[in-house]
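Structural overview
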Amino acid sequence: MRELALGFALRILLGIIGAAAVIAGVAVGAFEMRHAVHGMPWTATVLTLLSVVVVCGGVFLLHGAWRGRIAVRDPAGRASRVRR
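The following paragraphs examine the structure supplied in this document. (Residues numbered from 1 in each chain as written. Predicted model: local features only at pLDDT ≥ 70, side-chain atom pairs only at ≥ 80, totals over all residues. Heavy atoms only, no water.)

1. Quick word on the pattern of salt bridges
Selection rule: One side-chain nitrogen of Lys or Arg within 4 Å of one carboxyl oxygen of Asp or Glu is enough to make a salt bridge. Each helix corresponds to a stretch of at least 4 residues labelled H or I by DSSP, and each strand to a stretch of at least 2 residues labelled E; elements are numbered beginning at the N terminus. Burial classes follow relative accessibility: with a 1.4 Å probe on protein chains only, a residue under 20% of its type's maximum area counts as buried, one over 50% as exposed, and anything between as partly exposed.
This model, assessed by the stated rule, comprises two salt bridges. A salt bridge links Glu3 to Arg67, with the nearest nitrogen and oxygen atoms 2.7 Å apart. With Glu3 in strand E1 (residues 2-5) and Arg67 in helix H2 (residues 41-67), this pair connects stretches of sequence that are 64 residues apart. Of the residues examined, Glu3 reaches a relative accessible area of 47% and is grouped as partly exposed. In this structure, Glu3 engages Arg69 in a salt bridge whose closest nitrogen and oxygen atoms are separated by 2.9 Å. Residue Glu3 is located in strand E1, and its partner Arg69 is located in strand E2 (residues 69-72); the two are separated by 66 residues in the primary sequence. A cluster of three or more residues bridged by salt bridges with shared partners is formed by Glu3, Arg67 and Arg69.

Right, here's the structure in full:
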């Protein structure tokens, strides 16, 4: 794994995508928690846990946008080369 520096436009795009993921995850989580109280608790619980994963992914994206660097994985079969 290596870190890739982001330009200004990519930082803004990453921040927008991360914020959208956090907002959507919180909204779906709140909606499903309401359904867990009034209806089918098992499906609502599973979807609520899935929304927690989405929120964590959004926070991860926002963290990368704030730092200006993201971790990227090298393609399969290609080790990262150190440039001199």
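2. Description of the environment of Gly15
Note the following rule: When checking whether two residues touch, look at their non-hydrogen atoms; a contact exists if any pair is within 4.5 Å.
Position of Gly15 relative to the elements: it lies in helix H1 (residues 8-38). For Gly15, a relative accessible area of 18% gives the class buried. For Gly15 and Gly58, which are 43 residues apart along the polypeptide, the C-alpha to C-alpha distance reads 8.8 Å. Apart from the residues within four sequence positions on either side, Gly15 is in contact with Leu62 and Ala65.

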